[in-house]
Amino acid sequence: MRNAWYPVFLSEEVSADRVHPTKLFGDPIAVFRDGEGRPAAFLDSCPHRSIPLSLGRVVEGRLECAYHGWQFEGSGRCAHMPFLPVGRSIPRSAVARTYPS
């Protein structure tokens, strides 16, 4: 049953300015609209410290973790780490788990 597409919100219920937490089959999910206005659904857990992403906020179309401020694009890729040392790149492993939306 998990390998299928399930609606968790109506499109008009997902605003562009906040994170919408929900659950599906007991899994916590964080839903928001990305910079292009497309809905994105993430496992509600930051890959860095497992803080619920639903505690964060939407910043310029990216989901920002409330703990360290990592920002994730709708694809799950980390696009911003505020305390990354100068000259260092964001690790490719810094990706939030996403669901089809």
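One structure accompanies this document, and this report is about it. (Residues numbered from 1 in each chain as written. Predicted model: local features only at pLDDT ≥ 70, side-chain atom pairs only at ≥ 80, totals over all residues. Heavy atoms only, no water.)

1. Quick notes on the packing of aromatic side chains
- Under the defined criterion, the tally for this structure stands at 4 aromatic pairs.
- Centre to centre, the rings of Tyr-6 and Phe-25 are 5.2 Å apart; their planes meet at 85°, and the pair counts as edge-to-face. Pair noted here: Tyr-6 is in the segment before β1 (20–24) and Phe-25 is in the loop between β1 and β2 (27–33), with a separation of 19 residues, a long-range link.
- Judged by relative accessible area, Tyr-6 falls into the partly exposed class, the value being 26%.
- Owing to a relative accessible area of 42%, Phe-25 belongs among the partly exposed residues under this scheme.
- Between Trp-70 and Phe-72 the ring centres are 6.4 Å apart and the planes differ by 50°, which places this aromatic pair in the tilted class.
- A relative accessible area of 14% places Trp-70 in the buried class.
- Through a chain of ring-to-ring contacts, three or more aromatic side chains come together here, namely Phe-32, Phe-42, Trp-70 and Phe-72. (Phe/Tyr/Trp six-rings, centres within 6.5 Å; stacked < 30°, edge-to-face > 60°. Helix = DSSP H or I, 4+ residues; strand = E, 2+ residues; numbered from the N terminus. Buried < 20%, exposed > 50% of the residue type's maximum accessible area, 1.4 Å probe, protein only.)

2. Digging into unusual backbone geometry
- Not every positive phi belongs to a glycine, and Phe-25 is a case in point at roughly 55°.
- Even without being glycine, Ser-50 reaches a positive phi, approximately 65°.

3. Some thoughts on the pairing of β1
- Across 5 bridges, β1 lies against β2 in antiparallel orientation. Within the sheet, the bridge partner assigned to Thr-22 lies in β2 and is Ile-29. (Pairing = 2+ DSSP bridges.)

4. Structural notes on the pattern of salt bridges
- A full pass over the atoms with the stated rule returns 3 salt bridges.
- Note that Glu-73 is salt-bridged to Arg-77, the shortest N-O span being 2.9 Å.
- Here Glu-73 falls in the partly exposed class, since its relative accessible area comes to 28%.
- On the basis of relative accessible area, Arg-77 is assigned to the partly exposed category, the value being 42%. (Salt bridge = Lys/Arg side-chain N within 4 Å of Asp/Glu carboxyl O.)

5. Digging into the sheet that holds strand β7 (residues 78–80)
- The antiparallel open sheet is built from 4 strands, whose spatial order is β4-β5-β6-β7. Looking at which strands have only one partner, the edges of the open sheet turn out to be β4 (57–59) and β7.

6. Examining the sheet that holds β1
- Spatially, β1-β2-β3-β8 is the arrangement adopted by the 4 strands of the open sheet, whose pairing is antiparallel. For this open sheet the edge positions go to β1 and β8 (98–99), each flanked by a neighbour on one side alone.
- As paired elements, strand β3 (residues 39–43) and β8 share 2 bridges and run antiparallel to each other. Following the sheet pairing, Phe-42 is matched in β8 by Thr-98.

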